[in-house]
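Structure at a glance
One-letter residues, chain by chain:
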Amino acid sequence: MSAEEGIPATIEGEPLKGKHALIVVENLPLPFDRRVWQEARTLKAAGAHISIICPTGKGHESRFEVIDGIEIHRHPLPLEAKGALGFLAEYGAALFWETVLAWKIFFKRRIDVIHGCNPPDLIFLVAAPFKLLGVKYIFDHHDINPELYEAKFEKRGFFWDLMRLFEKLTFKFADVSIATNESYKRIAVERGGMQASCVHVVRSGPDLSKLKLVAPVPDWKKGRDHMVGYVGVMGEQEGIDLLIDAVEHIVREKRREDIQFVLVGGGPALDDLKAMTARRDLADFITFTGRAPDKDLFEVLSTMDIGVNPDRVNAMNDKSTMNKIMEYMSLGKAMVQFDVTEGKFSAREASLYAKPNDPIDMADKICELVDDPERRSRMGEFGRERVVTKLNWQHQIDPLLTAYKQALDLP
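Residues numbered from 1 in each chain as written. Predicted model: local features only at pLDDT ≥ 70, side-chain atom pairs only at ≥ 80, totals over all residues. Heavy atoms only, no water.

**As for the environment of Glu5**
Relative to the helices and strands, Glu5 resides in the segment before strand 1 (20–25). Considering only alpha carbons, one finds Glu5 and Lys155, 150 residues apart in sequence, at a separation of 45 Å. Sequence-distant contacts of Glu5, that is, excluding residues within four places in its chain, are made with Ser209 and Gln394. (Helix = DSSP H or I, 4+ residues; strand = E, 2+ residues; numbered from the N terminus. Contact = heavy atoms within 4.5 Å.)

**Side note on the sheet that holds strand 7 (residues 176–179)**
Strand order in this open sheet of 8 strands is 3-4-2-1-5-6-7-8, and the pairing throughout is mixed. For this open sheet the edge positions go to strand 3 (64–67) and strand 8 (199–201), each flanked by a neighbour on one side alone. Between one strand axis and the next, the sheet turns through 20 degrees on average, direction left out of account. Where strand 1 lies against strand 5 (residues 113–117), 5 bridges are found, and the strand directions are parallel. Directly across from Leu22, in strand 5, lies its bridge partner Ile114. Contacting strand 6 (136–141) and strand 7, helix 5 (residues 158–173) crosses the sheet at an angle of about 135 degrees to strand 6. (Pairing = 2+ DSSP bridges. Axes fitted to C-alpha atoms, helices over the stretch in contact; angles between N-to-C directions.)

**A word on the packing of aromatic side chains**
Each aromatic ring pair is described using two quantities: the centre-to-centre distance and the angle formed by the ring planes. One pass over the structure, following the stated rule, counts 12 aromatic pairs. Here Phe96 and Trp97 contribute two aromatic rings whose centre-to-centre distance is 5.4 Å and whose plane-to-plane angle is 75 degrees, an arrangement assigned as edge-to-face. According to the relative accessible area criterion, Trp97 is partly exposed, its value standing at 26%. Seen in terms of ring centroids, Trp103 and Phe106 are 5.7 Å apart; in terms of plane orientation they differ by 80 degrees. Their pairing is edge-to-face. Of this pair, Trp103 and Phe106 both sit in helix 2 (residues 84–108), 3 residues apart, which is roughly one turn of the helix. Exposure remark for Trp103: the relative accessible area of 26% places this residue in the partly exposed category. Taking the relative accessible area as the measure of exposure, Phe106 reaches 13% and is therefore buried. Here a set of aromatic residues connected by ring pairs shows up, and it is made of Trp103, Phe106, Phe107 and Phe130. (Phe/Tyr/Trp six-rings, centres within 6.5 Å; stacked < 30°, edge-to-face > 60°. Buried < 20%, exposed > 50% of the residue type's maximum accessible area, 1.4 Å probe, protein only.)

**Remarks on helix 3 (residues 124–131)**
Buried within helix 3 we find Phe124, Val126, Ala127 and Phe130. Along the axis of helix 3, the buried positions cluster into a sector of 145 degrees, meaning they face one direction only. (Arc of directions from axis to C-beta.)

**Comments concerning the environment of Gly380**
Among the structural elements, Gly380 can be located in helix 14 (residues 373–391). Residue Gly380 is classed as buried on the basis of its relative accessible area, which comes to 2%. Distance from Gly380 to Glu349, taken between C-alpha atoms, is 8.9 Å for residues 31 residues apart in sequence. Setting aside its immediate chain neighbours within four residues, Gly380 contacts Met329, Gly332, Lys333 and Ala334.

**Some points on the pairing of strand 4 (residues 70–75)**
Within a regular strand, the side chains alternate between the two sheet faces. Burial of strand 4 is extensive: 6 of the 6 residues sit out of reach of the surface. Both faces of strand 4 are covered, namely the face carrying Ile70, Ile72 and Arg74 and the face carrying Glu71, His73 and His75. Looking at chain direction, strand 2 (residues 49–55) and strand 4 are connected through 5 bridges and run parallel. Counted as the bridge partner of Ile53 is His73 from strand 4. Pairing of strand 3 with strand 4, which is carried by 4 bridges, proceeds in the antiparallel orientation. Among the inter-strand pairings, Ile67 is bridged to a residue of strand 4, identified as Ile70. Hairpin geometry of strand 3 and strand 4 is characterised by an intervening segment of 2 residues between the two adjacent antiparallel strands and by a positive phi of about 50 degrees at Asp68.

**Comments concerning the sheet that holds strand 10 (residues 259–264)**
Here we have 6 strands laid out as an open sheet, ordered 11-10-9-12-13-14, and parallel in their pairing. Among the strands making up the open sheet, the edge pair consists of strand 11 (286–290) and strand 14 (351–354). The average undirected angle you get between the axes of adjacent strands in this sheet is 25 degrees. Taken together, the 6 bridges between strand 9 (residues 226–231) and strand 10 define a ladder with parallel strand orientation. Bridging from a neighbouring strand, Val231 pairs with Val264 of strand 10. The sheet contacts of helix 11 (residues 323–330) involve strand 9, strand 12 (306–309) and strand 13 (335–338), and relative to strand 9 the element is tilted by about 140 degrees.

**Concerning the state of the cysteines**
With the rule as written, the count across this model stands at 0 disulfides. No disulfide involves Cys54; its sulfur sits 10 Å from that of Cys117, the nearest cysteine. Judged by relative accessible area, which is 1%, Cys117 ranks as buried. (Disulfide = S-S within 2.5 Å.)

Here you go:
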């Protein structure tokens, strides 16, 4: 199959035929979580019956739904956590509902493997009693939570120690672990004590049959000549405040009013970021869409001249692969980001790299790329080609199925 054909309807031989996999996700509803939805569709194509437990969310309020033959069981969450105590309340409520729904699903149809997607590193508690019944546990390592905690709260201490403990217990409990990149695999082996042969790298490669350019919509530019886009979570560790600093430098110091910035995504810091933008009198230059439907997302990605990734250079972001980078590359968009290890591995020549956490240098790099259409075209072509030949989801199918076959002791 070509990369643009995406996930096959049926994988030859259906290697997981007759197996039932339960995927548990705490932080995003399905099918909104693109990575997990691609995993679910791939496993179904391999013959498995797939059930998913996840929270409700905007546009995904139904408590039970079947999409493409995949059963989705959703539960409510009491709040969108901010502080450490808020996260404990959120995780406690999620664990309660995940446990209730897991047993409900088990009594309806026996489960062969539970696939837990962090954060948090607590889903093994849901799977623990099922292990006594022969159910296998696969840990899908999306975030390194000790580093995430430190990035959010800029400290260690008691809760950081808890994160390290939960992480260690998760790896010890898992039969097999899935890592999103080589940095995460090293953590599983060196910090989690797993055998390297039990850790499989399954990158967050985009499904190119779903991620396609649409006709640009000039209204997003608000009458300006150029547009810079951002797609992602609005959280404290995402560096949106540094991006706002960069915009202020472009508007005030460089005296440029020809660039519109459009930021797509929701998250706990969204209201604070909007307030910061208003205080600096930059609201006319920065559009926050909030969590947007696919129509708006694809319009923004297709209309923007370049993408931006302002993730701070810290231990969390340096080792993590960001979906937004893959999305920019998939649609042939050059980008600007800070110099982080995994971001650089993914993008290579598709990106310019600003000095770590330096909004002035980021502003300069943005203007440099906006003003050089030939260069950004070359960079965009390089990024698109890299996704097509090396990083799209089709290249992740084999390692995902290998992880499952190892956990289930299949040939």
